[in-house]
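# Summary of structural features
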Amino acid sequence: RFGGLIFNDETHDYVAPKRSMALVQHFLQLTVNRNRHLPLRKVLKPNSDRINEMLQRTRSSITHDYVVTVIGDIFNLNNDSKYFLRDMAYRNDVMFIHIEDPMDEQLPDGRLIFTDGNRQIMWNNRKNDWGKKYTESYRQKKAAVIEEFRHYKIPVSVMDTATPIEDQVIKKLGRDLRH
């Protein structure tokens, strides 16, 4: 059986679990539709409350022996989010697919413009101690969350926004098939 929740800051789609290839295609189309709206957002902000609401809804929709896959940014999770994931993992198989932008880990050299849609600042980012500290801090935080999840038997797979999704899936499946 296949089903799931797809959501953004305003609304969500719930697809009840059923055995149907048409349902899988419908779910994927809903995902594509949500992704089309991502670039149109006016405000970009983490929304842990919304994530927690959807995790709680998922938790109350399932019993045991489900496979739960959460796709998002592990840095948008708070303690409540982690609690919901751990709780689901006690009776189900839970995995997290962390989506990151290559600039999350390392800002490019040169001048960068940051904006919130109203104001902007120019940042001159050279390879210096600050950039190295930022990169190291990001890597340490990511490794700590991945280790925390591993402790609760929640595997984390990392995918990025720059590489075509098909290539990443094929590479990950190919790696898994070799072992």
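Residues numbered from 1 in each chain as written. Predicted model: local features only at pLDDT ≥ 70, side-chain atom pairs only at ≥ 80, totals over all residues. Heavy atoms only, no water.

## Examining the overall build of the protein chain
Helices and strands together make up the secondary structure of the protein chain, namely six helices and seven strands. Walking the protein chain from its N terminus toward its C terminus, one meets helices and strands in the order β-β-α-α-β-α-β-α-β-β-α-β-α. For the protein chain, the proportion of its 179 residues judged to be buried stands at 27%. In the structure as shown, the protein chain presents an accessible area of about 12900 Å², 54% of it carried by carbon and sulfur atoms. (Helix = DSSP H or I, 4+ residues; strand = E, 2+ residues; numbered from the N terminus. Buried < 20%, exposed > 50% of the residue type's maximum accessible area, 1.4 Å probe, protein only. Areas by Shrake-Rupley, 256 points an atom, 1.4 Å probe, with all protein chains shown as cover.)

## Details of the packing of aromatic side chains
Tallying each qualifying case throughout the model produces four aromatic pairs. Measuring from centroid to centroid gives 5.0 Å for Phe75 and Tyr138, while their planes differ by 40 degrees, and the two rings are tilted. Pair noted here: Phe75 is in the loop between strand S3 (67–72) and helix H3 (79–91) and Tyr138 is in helix H5 (residues 129–151), with a separation of 63 residues, a long-range link. Judged by its relative accessible area of 32%, Phe75 is partly exposed. A cation over an aromatic ring shows up here: Arg86 above the ring of Tyr152, its NZ or CZ 5.1 Å from the ring centre. (Phe/Tyr/Trp six-rings, centres within 6.5 Å; stacked < 30°, edge-to-face > 60°. Lys NZ or Arg CZ within 6 Å of the ring centre and 35° of its normal.)

## Quick look at the packing of helix H2 (residues 48–61) against H3
Running from N to C, H2 and H3 point in directions that differ by 15 degrees, and their axes come no closer than 9 Å. Between H2 and H3, the angle falls in the class roughly parallel. For the crossing formed where H2 meets H3, the hand is left-handed. Note on element contacts: H3 touches H2 through Asp80, Ser81, Tyr83, Phe84, Leu85, Asp87 and Met88, opposite Ile51, Asn52, Leu55, Gln56, Thr58 and Arg59. (Axes fitted to C-alpha atoms, helices over the stretch in contact; angles between N-to-C directions. Parallel < 35°, antiparallel > 145°, perpendicular 65-115°, else oblique. Left-handed = near helix turned anticlockwise from the far one by under 90°. Contact = heavy atoms within 4.5 Å.)

## Details of H2
Since the α-helix advances by 3.6 residues per turn, residues separated by three or four positions end up pointing in the same direction. Taking 1.5 Å as the rise per residue, H2 with 14 residues should run 20 Å; its terminal C-alpha atoms sit 20 Å apart, in good agreement. Every buried residue of H2 is listed here: Ser48, Arg50, Ile51, Asn52, Met54, Leu55 and Thr58. Tucked into the core, H2 has its buried residues touching strand S1 (2–7), strand S2 (12–18), S3 and H3. (Expected span 1.5 Å × (residues − 1).)

## As for a nonpolar patch on the surface
A cluster of nonpolar side chains, contributed by Phe114, Ile121 and Trp123, occupies part of the molecular surface with about 280 Å² of accessible area. Within the element layout of this structure, Phe114 appears in strand S5 (residues 110–115). (Patch = residues over 30% accessible without salt bridge, like charges linked within 9 Å, V, L, I, M, F, W, Y side chains within 5 Å. Salt bridge = Lys/Arg side-chain N within 4 Å of Asp/Glu carboxyl O.)

## Some words on the pairing of S2
The pairing of S1 with S2 spans five bridges and is antiparallel. Note on S2: the bridge partner recorded for Ile6 is Asp13. Hairpin remark: S1 followed by S2, antiparallel, with four residues in the connecting loop. (Pairing = 2+ DSSP bridges.)

## Structural notes on the sheet that holds strand S7 (residues 156–160)
Taking strand neighbours across the sheet as the criterion, the three strands line up as S3-S4-S7 in an open arrangement whose pairing is parallel. Where the open sheet ends on each side, the last strands, each with one partner, are S3 and S7. Averaged over all pairs of adjacent strands, the angle between strand axes in this sheet comes to 20 degrees, irrespective of strand direction. Summarising the sheet, strand S4 (residues 93–100) and S7 pair through five bridges and their orientation is parallel.

## A short note on the pattern of salt bridges
In total, this model carries eight salt bridges according to the counting rule given. Across the salt bridge formed by Glu100 and Lys142, the nearest N and O atoms sit 3.3 Å from each other. Here Lys142 lies in helix H5 and Glu100 lies in strand S4, a separation of 42 residues in the sequence. The residues Glu100 and Lys142 share a single accessibility class, namely buried. Through salt bridges with shared partners, a single ionic network connects Arg59, Asp87 and Arg91.

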